[in-house]
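Each chain is listed here by its residues.
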Amino acid sequence: GKCLFQIFFPFFFNLIVSPATLPQIIKSLGYNRLILQIGRGMVVPEPFSTESFTLDVYRYKDSLKEDLQKADLVISHAGAGSCLETLEKGKPIVVVINEKLMNNHQLELAKQLHKEGTLPGLLQSMDLSTLKCYPPGQPEKFSAFLDKVVGLQK
């Protein structure tokens, strides 16, 4: 079946949907599993599993890698770390922008990623088949540049 992974759950619920209606909404979109990373959130949904739907819930993990691998779609705040880690794994991501944080850097990042074609539009009408893959990073280029700047390489 299809899996949806939702990062930074408390913010999402404050803006969009109540926890009681989420499983029905997710099922209506064709997903049969939802993984919630809830952080310090006050709302803690009860995990459950039926024949047609599974809800997994946790506060924090050392790494999101395993959940990102399972996910067919990720919903997240528009933090740079969450967005880039998800895109580098080749997973489609829908972002919810928290305009109250850090001079709205989330909006700037989301606009740029949407412009590049790596973020879809609205959840209800998005076409994941049109998304472009996010190009993998090349840290060796930055390392070479930094070595040159500080005089370790000519």
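Residues numbered from 1 in each chain as written. Predicted model: local features only at pLDDT ≥ 70, side-chain atom pairs only at ≥ 80, totals over all residues. Heavy atoms only, no water.

Just so we agree on the cut-off: UniProt positions are given in the numbering used here, feature names are shortened, and annotations may be inferred rather than shown by experiment.
Looking at an unreviewed UniProt entry, one finds the protein chain named UDP-N-acetylglucosamine transferase subunit ALG13 and attributed to Propithecus coquereli. A UniProt comment under Sequence similarities (unreviewed entry) is attached to the protein chain, and it reads "Belongs to the glycosyltransferase 28 family." In its Subcellular location (unreviewed entry) section, the UniProt record describing the protein chain reads: "Endoplasmic reticulum".

### A short note on the pairing of strand S2 (residues 33–37)
Here is the rule: Only protein chains enter the calculation, and the probe is 1.4 Å; a residue is then buried if its accessible area is under 20% of its type maximum, exposed if over 50%, and partly exposed in between. By definition, any uninterrupted DSSP run of H or I lasting at least four residues is a helix, any uninterrupted run of E lasting at least two residues is a strand, and each is numbered from the N terminus. By this definition, two strands are paired if DSSP reports at least two bridges between them.
In terms of residue burial, S2 counts as a mostly covered element, since four of its five residues are buried. Inspection of the sheet shows strand S1 (residues 3–6) paired to S2 by four bridges, in the parallel sense. Pairing of Phe5 across the sheet is with Ile35, part of S2. As paired elements, S2 and strand S4 (residues 54–58) share five bridges and run parallel to each other. Each bridged residue has a counterpart across the sheet, and for Gln37 the counterpart in S4 is Tyr58.

### Examining the packing of aromatic side chains
Put simply, the rule reads: Aromatic pairing here means that ring centres of Phe, Tyr or Trp (its six-membered ring) are within 6.5 Å. Orientation follows from the plane angle: under 30 degrees is stacked, over 60 is edge-to-face, and everything else is tilted. Whether a charge sits over a ring depends on NZ of Lys or CZ of Arg being within 6 Å of the ring centre and within 35 degrees of the ring normal.
For the structure shown, the criterion picks out one aromatic pair. Lying over the aromatic face of Tyr31, Lys2 brings its terminal NZ or CZ to 4.4 Å of the ring centre. One cation-aromatic arrangement involves Lys61 over Tyr58; the distance from NZ or CZ to the ring centre is 4.3 Å.

### Description of the sheet that holds strand S6 (residues 93–96)
Counted only if it meets this: Should any heavy atoms of two residues lie within 4.5 Å, those residues are counted as being in contact. Fitted lines through C-alpha atoms give the axes, limited to the stretch in contact for helices. The angle between two N-to-C directions lies from 0 to 180 degrees.
The strand order S3-S4-S2-S1-S5-S6 describes an open sheet built from six strands, whose pairing is mixed. Each edge of the open sheet is held by one strand with a lone partner, namely strand S3 (48–49) and S6. Relative to the sheet, helix H4 (residues 80–88) contacts strand S5 (73–77) and S6, its axis offset from that of S6 by approximately 170°.

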